[in-house]
Amino acid sequence: MAATQSRYLPGYAKCFCCGQENQCGLRQRFYYEDGYIKCQFIPEKRFEGYHGNIHGGVFCALLDEIMGWAPTYNFKQMCVTGKLEFKFLRPAPLNQKYICQAKMTGGDRRLWEALGEVLDEFGNVYVEGRGLYIPSSDEETKNVASYLTYYPDGERPFD
């Protein structure tokens with residue numbers, strides 16, 4: 001099966017995870033590819049937790065974002081985090097590229113579930129995550145969509 005073309009999702013300029021204007025943030029660009037919301041992350045030294053390894057909270061933030069985008073992308077409706085669970089499988093060293101990916105795995109009209117993982121280029125899994133997300137109202141979705149930055153090479157998931 002051929003891979004689908006990746007297209008970037010919109011972001012909020014001041015967001016810690018995707019905000020391109022947030023000097024303290026991660027400045028990631030998320031994209032949809034082959035049923036997953038993804039990003040590729042090469043951590044800087046400033047994200048170090050203990051000697052030579054990434055602070056686990058950085059991956060928690062990234063997984064929360066992409067797990068939340070999975071049902072948002074699927075239903076074209078924003079959501080908020082209800083519950084998060086993470087399992088750390090091994091230390092994650094600095095100076096290597098990580099792929100963070102998530103997909104929607106279930107839900108109904110009141111609660112959506114997504115699973116995510118952080119892995120390296122060789123497929124070694126470092127963190128697994130599970131999130132439950134509460135759908136936002138149509139009005140709140142329109143409000144949030146109005147202040148997102150949409151990229152020329154990107155998706156318009158709420159249109």
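Here's what I pulled together on the structure shown here. (Residues numbered from 1 in each chain as written. Predicted model: local features only at pLDDT ≥ 70, side-chain atom pairs only at ≥ 80, totals over all residues. Heavy atoms only, no water.)

1. Focus: the packing of aromatic side chains
Taken as a whole, this structure holds nine aromatic pairs when the rule is applied. Measuring from centroid to centroid gives 5.2 Å for tyrosine 12 and tyrosine 147, while their planes differ by 65°, and the two rings are edge-to-face. On the criterion of sequence distance, the pair formed by tyrosine 12 in the loop between strand E1 (7–8) and strand E2 (31–33) and tyrosine 147 in the segment after helix H2 (138–146) is long-range, its members being 135 residues apart. With a relative accessible area of 34%, tyrosine 12 lands in the partly exposed category. Overall, tyrosine 147 belongs to the partly exposed group, its relative accessible area being 39%. Between phenylalanine 59 and tyrosine 98, the ring centres sit 5.2 Å apart and the planes meet at 70°, which makes this aromatic pair edge-to-face. Placement of the pair is phenylalanine 59 in helix H1 (residues 56–75) and tyrosine 98 in strand E5 (residues 98–107), with a sequence separation of 39 residues. Both residues of the pair, phenylalanine 59 and tyrosine 98, belong to the buried class. Members of the aromatic cluster, connected to one another through ring pairs, are Phe41, Phe47, Phe59, Tyr98 and Tyr126. Residue placement shows arginine 90 over the ring face of tyrosine 126; its charged tip is 5.5 Å from the ring centre. The lysine or arginine in question, arginine 156, covers the ring of tyrosine 150, its NZ or CZ lying 4.2 Å from the ring centre. (Phe/Tyr/Trp six-rings, centres within 6.5 Å; stacked < 30°, edge-to-face > 60°. Helix = DSSP H or I, 4+ residues; strand = E, 2+ residues; numbered from the N terminus. Buried < 20%, exposed > 50% of the residue type's maximum accessible area, 1.4 Å probe, protein only. Lys NZ or Arg CZ within 6 Å of the ring centre and 35° of its normal.)

2. Some remarks on the sheet that holds E2
In space, the seven strands of this open sheet follow the order E1-E2-E3-E5-E6-E7-E4, with antiparallel pairing throughout. What marks the edges here is a single partner per strand, and that holds for E1 and strand E4 (79–88). Sheet topology places strand E3 (residues 36–41) next to E5; five bridges connect them, and they run antiparallel. Each bridged residue has a counterpart across the sheet, and for cysteine 39 the counterpart in E5 is cysteine 100. H1 rests against E2, E3, E4, E5, strand E6 (112–120) and strand E7 (125–135) of the sheet, and its axis sits at about 45° to E5. (Pairing = 2+ DSSP bridges. Contact = heavy atoms within 4.5 Å. Axes fitted to C-alpha atoms, helices over the stretch in contact; angles between N-to-C directions.)

3. A word on the pattern of salt bridges
What the rule picks out here adds up to 10 salt bridges. Because the salt bridges share partners, they merge into one network encompassing Lys83, Glu85, Glu113 and Arg130. (Salt bridge = Lys/Arg side-chain N within 4 Å of Asp/Glu carboxyl O.)

4. Looking at the nonpolar core
Buried together is how nonpolar side chains tend to be arranged in soluble globular proteins. Formed by 37 residues in total, the largest nonpolar core has its most connected members in Phe30, Ile37, Phe59 and Leu62. At the level of elements, E3, H1, E5, E6, E7 and H2 are the ones that each hand at least two residues to this core. Here this core gets nine residues from one element, more than from any other, and that element is H1. If sequence neighbours within four positions are ignored, isoleucine 37 has contacts with Leu9, Phe30, Tyr31, Tyr32, Ile66, Trp69, Ala70, Tyr73, Cys100, Gln101 and Ala102. (Core = buried A, V, L, I, M, F, W, Y, C linked by side-chain atoms within 4.5 Å.)

5. Looking at the pairing of E5
Here E5 pairs with E6 via nine bridges, running antiparallel. Bridge pairing in E6 places isoleucine 99 opposite leucine 119. Taken together, E5 and the strand that follows it, E6, pair antiparallel across an intervening segment of four residues.

6. Re H2
Listing the buried residues of H2 in full gives Thr141, Val144 and Ala145. Take H2 and look down its axis: the buried residues cluster within an arc of 100°, on one side only. Set apart from the buried face of H2 by more than 90 degrees, the exposed residues are Glu139, Lys142 and Ser146. (Arc of directions from axis to C-beta.)

Everything listed here is a matter of geometry and, on its own, says nothing about what the molecule does.
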